[in-house]
Amino acid sequence: MCFDNLLPILEVDKIYLCTPTKIAIVDHEKKRTFKNLSDGLPNVVVWNPWDKKTKAMADFGDDDYKHMLFVEAATIKKPITLKTGEELKVRQELSAVPSSYFSGKLDPSKVLQSS
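So, a few notes on the structure that sits alongside this text. Only a predicted model underlies this, so the values are computations on that prediction, with no experimental measurement involved.

### A few points about the overall build of the protein chain
Phase 1: Scanning the protein chain for helices and strands turns up two helices and seven strands.
Phase 2: The helix and strand sequence of the protein chain, counted from the amino end, reads β-β-β-β-β-α-β-β-α.
Phase 3: Looking at the protein chain as a whole, 28% of its 115 residues qualify as buried.
Phase 4: Once local pairs closer than 6 in sequence are excluded, the contacts in the protein chain between residues at least 24 apart make up 62%.

### Let's talk about the sheet that holds strand E6 (residues 70-74)
Phase 1: Strand order across the open sheet formed by three strands is E2-E5-E6, with antiparallel pairing between neighbours. The open sheet terminates on both sides in strands that have one partner only, identified here as strand E2 (12-16) and E6. Neighbour to neighbour, the strand axes of the sheet diverge by 15 degrees on average, direction disregarded.
Phase 2: Across five bridges, the pairing between E2 and strand E5 (residues 43-48) is antiparallel. Bridge pairing in E5 links Ile 15 to Val 45.

### Some remarks on the pairing of E5
Phase 1: Counting buried residues along E5, five of its six residues qualify, which places the element largely inside the surrounding structure.
Phase 2: As defined by bridge partners, E5 adjoins E6 across five bridges and the pair is classed as antiparallel. Each bridged residue has a counterpart across the sheet, and for Val 44 the counterpart in E6 is Ala 73.

### A short note on unusual backbone geometry
Trans is the common state for peptide bonds, and a negative phi is the common state for residues other than glycine.
Phase 1: Backbone geometry places Cys 18, a non-glycine residue, at a positive phi of 55 degrees.
Phase 2: Counting through the fold element by element, Cys 18 comes out in the loop between E2 and strand E3 (22-27).
Phase 3: Positive phi, normally seen in glycine, also occurs at Trp 50, with a value near 60 degrees.
Phase 4: Mapped onto the elements of the fold, Trp 50 is located in helix H1 (residues 50-55).

Quick notes on the rules
- Residues numbered from 1 in each chain as written.
- Predicted model: local features only at pLDDT ≥ 70, side-chain atom pairs only at ≥ 80, totals over all residues.
- Heavy atoms only, no water.
- Helix = DSSP H or I, 4+ residues; strand = E, 2+ residues; numbered from the N terminus.
- Buried < 20%, exposed > 50% of the residue type's maximum accessible area, 1.4 Å probe, protein only.
- Contact = heavy atoms within 4.5 Å.
- Pairing = 2+ DSSP bridges.
- Axes fitted to C-alpha atoms, helices over the stretch in contact; angles between N-to-C directions.

Shown next as structure tokens:
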């Protein structure tokens, strides 16, 4: 799955169900791509509070929404309940892809194959 040109132009709060374990987040403007790898977390939340909600948040600067995008692996569709003593191991890894991927049009499949 590839999120291309995802910098929002308005408030975003979306849950993607049944997502793959590898996701590419492409930012053409700043010529960078982030890889989001996850294990045990089949959903993804994409969120940006935009201007009005950001101003009401104590831990955000008034213009921080312009420079952030929250992308988090999650388990929402089928919540997991653990009993006392049970353990759940999940993983999310976010990494930047080298700028060598930006010699022309980005092929997201190459980004995801490099994992």
